[in-house]
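Residue-level listing of the chains:
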Amino acid sequence: MFPADAPPVSSDEQRLRELGYTQELARSMSSFSNFAVSFSIVSVLSGCLTLYGFGLNTGGPAMITWGWPLVGLMTLCVALAMAEICSSYPTAGGLYYWAAKLAPSRGPAWAWFTGYFNFMGQVAVTAGVDFGAAFFTNAFLEMQWGFAATPAHTVALFAVILLLHGLLNTRGVRLVAILNNVSVWWHLVGVLVIVGALVLVPSHHASASFVFTKFVNNTGFHSSFYVAMLGLLLAQYTLTGYDASAHMTEETHDAARSGPRGIVNSVLVSLAAGWVLLLGITFAIQDYDGALGSSTGVPPAQIFLDAIGDTGAKLLLLIVIGAQFFCGMASVTANSRMIYAFSRDGALPGSRLWHRINPRTQTPTSAVWLATGGAFLLGAQDLWNATAYAAVTSVSVIGLYIAYVIPVFLRLRQGDSFQRGPWHLGRWSKPVGILAVGWTALITVLFMLPTVSPITAVSFNYTPVAVAAVLGFAGIWWLISARHWFTGPKVQDSPEELPDRTAELETR
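Thresholds, definitions, all that
Residues numbered from 1 in each chain as written. Predicted model: local features only at pLDDT ≥ 70, side-chain atom pairs only at ≥ 80, totals over all residues. Heavy atoms only, no water. Helix = DSSP H or I, 4+ residues; strand = E, 2+ residues; numbered from the N terminus. Buried < 20%, exposed > 50% of the residue type's maximum accessible area, 1.4 Å probe, protein only. Contact = heavy atoms within 4.5 Å. Disulfide = S-S within 2.5 Å. Core = buried A, V, L, I, M, F, W, Y, C linked by side-chain atoms within 4.5 Å. Salt bridge = Lys/Arg side-chain N within 4 Å of Asp/Glu carboxyl O. Phe/Tyr/Trp six-rings, centres within 6.5 Å; stacked < 30°, edge-to-face > 60°. Expected span 1.5 Å × (residues − 1).

Relative to the elements of secondary structure, Leu192 occurs in helix H9 (residues 173-200). Taking relative accessible area as the criterion, Leu192 reaches 63% and is therefore assigned exposed. The spacing of Leu192 and Tyr288 is 96 residues in sequence and 23 Å in space, taken between C-alpha atoms.

Put into structure tokens, the structure is as follows:
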């Protein structure tokens, strides 16, 4: 029992105490703000457009058009299965905490590897988003002032964007929440403006048969089926990052309902907005080969130029760049919370540093800079590897989706013994979970395969190397050391001590 003079606590804080944690982060986010973080990270104006050139070469219009709803349906299954678990365990640790609690045995090992896959995926998503923003910013600067779109220039812009996102995320969660709320409307209005311009301004549009049936294979492989499957990366990379709503639950009101709704609604709204965007751009293609050979290295920029002219193209690019900037900022936010929670339980090297909370802003400042620094190291590969960006996006998909589906798999094993939260799937839990696990197994193998033929040192898909490096590090550390001391998510205090711990935090 808590002491009689203990300060009153909200139901959110009470649930967090039951899960073993003191309220340290500022709980100031609304349900809409929680949704906004995930929606901003999914960011159809980022993922769809940064990999649009990949889609043009790998399956072409047919796979861009039909791959989106196919991947979207499977992604929705993953999101629904995750949301049900989030309702039961609304903590910043999210996936790895869920794995520890759902595992019938060896919970610490399940949590350890889930956390490392999540960490890898989060850092890769941040790198992918901000590198995409650098690509488009460089394209705009070349169009406006002749700033050449070279790898060195793009990496320099990438570093600046990451720095800005790090600085914004150290200012406090209220500012981040406001910017994420703005981001939702920026994305939705931005999609309408871009599609509206591409529908109304051009005097010529591609035919419906071109948009819905034209298959293109510029990969060098001879199997159309193989190339079509590779082409699913465009949609699958875009539809990632919605676990952010889970990582932000300790900062969200009514977390057991707001977190699950944020996960699912971010996928649903993105599905609708993304398909409209992809159809609008594909119908607006004037010169297919010209888009692929654009001097900016950004096919959508060339499509804008061909369709509506120089001034209009620049304005649309600014809309896209703004959306990508919002997306990267939200990605750093979610990544830092995952790092904070994982290091709070001692699982990362230097954990004492990474889980420190800034007493003034109540944000994990050190975790923010680890997130941005790790992302820079991944993205900087573009200086010497032409296929680095595709590899980074594959790493993000594989890392995140394995982390997503491990708790879902463990929840399936629990069956009816799983203790549901206020938001759940009822009798649909099992079929949805099975689809989620099966789909993740497929894409994990798929996105490690070569994307270009012939396979050389430059064109090789280094995704398996990156995944093996992280898994190898986590596995070796687990075997030689961590298995002796890592016990999974730690409870911070006993119930009797929690009020005192809360009072201590409030007076820091």
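This is not the end of the story, as more comes after the structure.
Right, let's talk about the side chain of Gln324 for a bit. Mapping Gln324 onto the fold places it in helix H17 (residues 310-344). Judged by its relative accessible area of 0%, Gln324 falls in the buried class. Each residue touching Gln324, except ones within four places of it in the same chain, is listed here: Leu45, Ser46, Thr50, Val129, Gly132, Ala133 and Phe136.

Per the counting criterion, the structure on display carries zero disulfides. Cys48 takes part in no disulfide bond, and the closest cysteine sulfur, belonging to Cys327, lies 11 Å away. Take Cys48: its relative accessible area is 0%, and that puts it in the buried class. The thiol sulfur of Cys77 is not disulfide-bonded, and the nearest other cysteine sulfur, from Cys86, lies at 18 Å. Of the residues examined, Cys77 reaches a relative accessible area of 9% and is grouped as buried.

Of all hydrophobic cores here, the largest spans 166 residues; its most connected members are Trp98, Trp112, Ile194, Leu198, Tyr242, Leu277 and Phe304. Ranked by the residues each element gives to this core, the list is headed by helix H7 (residues 107-145), at 20 residues.

The next point concerns the pattern of salt bridges. Applying the stated criterion across every chain yields a total of seven salt bridges. Its salt-bridge partner being Asp310, residue Lys314 comes within 2.9 Å of it at the nearest N-O pair. Highlighted residues: Lys314 and Asp310, both in helix H17, separated by four residues, approximately one helical turn. For Asp310, a relative accessible area of 38% translates into the label partly exposed. Look at the salt bridges and you will find they share partners, linking Glu84, Arg411 and Arg420 into a network.

Okay, the packing of aromatic side chains next. Counted by the stated rule, this structure contains 31 aromatic pairs. On the basis of an interplanar angle of 20° and a centroid distance of 6.2 Å, the ring pair of Phe32 and Trp185 is categorised as stacked. Within this pair, whereas Phe32 is found in helix H2 (residues 31-42), its partner Trp185 is found in helix H9, the two being separated by 153 residues in sequence. When its relative accessible area of 33% is taken as the criterion, Phe32 is described as partly exposed. Here a set of aromatic residues connected by ring pairs shows up, and it is made of Tyr96, Trp112, Phe113, Tyr116, Phe342, Phe473, Trp477, Trp478, Trp485 and Phe486.

Turning next to helix H8 (residues 151-169). The end-to-end C-alpha distance of H8 is 27 Å, a good match for the 27 Å that 19 residues give at a rise of 1.5 Å each. Every buried residue of H8 is listed here: Thr154, Val155, Leu157, Phe158, Ile161, Leu162, His165, Gly166 and Asn169. Where H8 is buried, its residues meet H7, H9, H17 and helix H19 (365-379).

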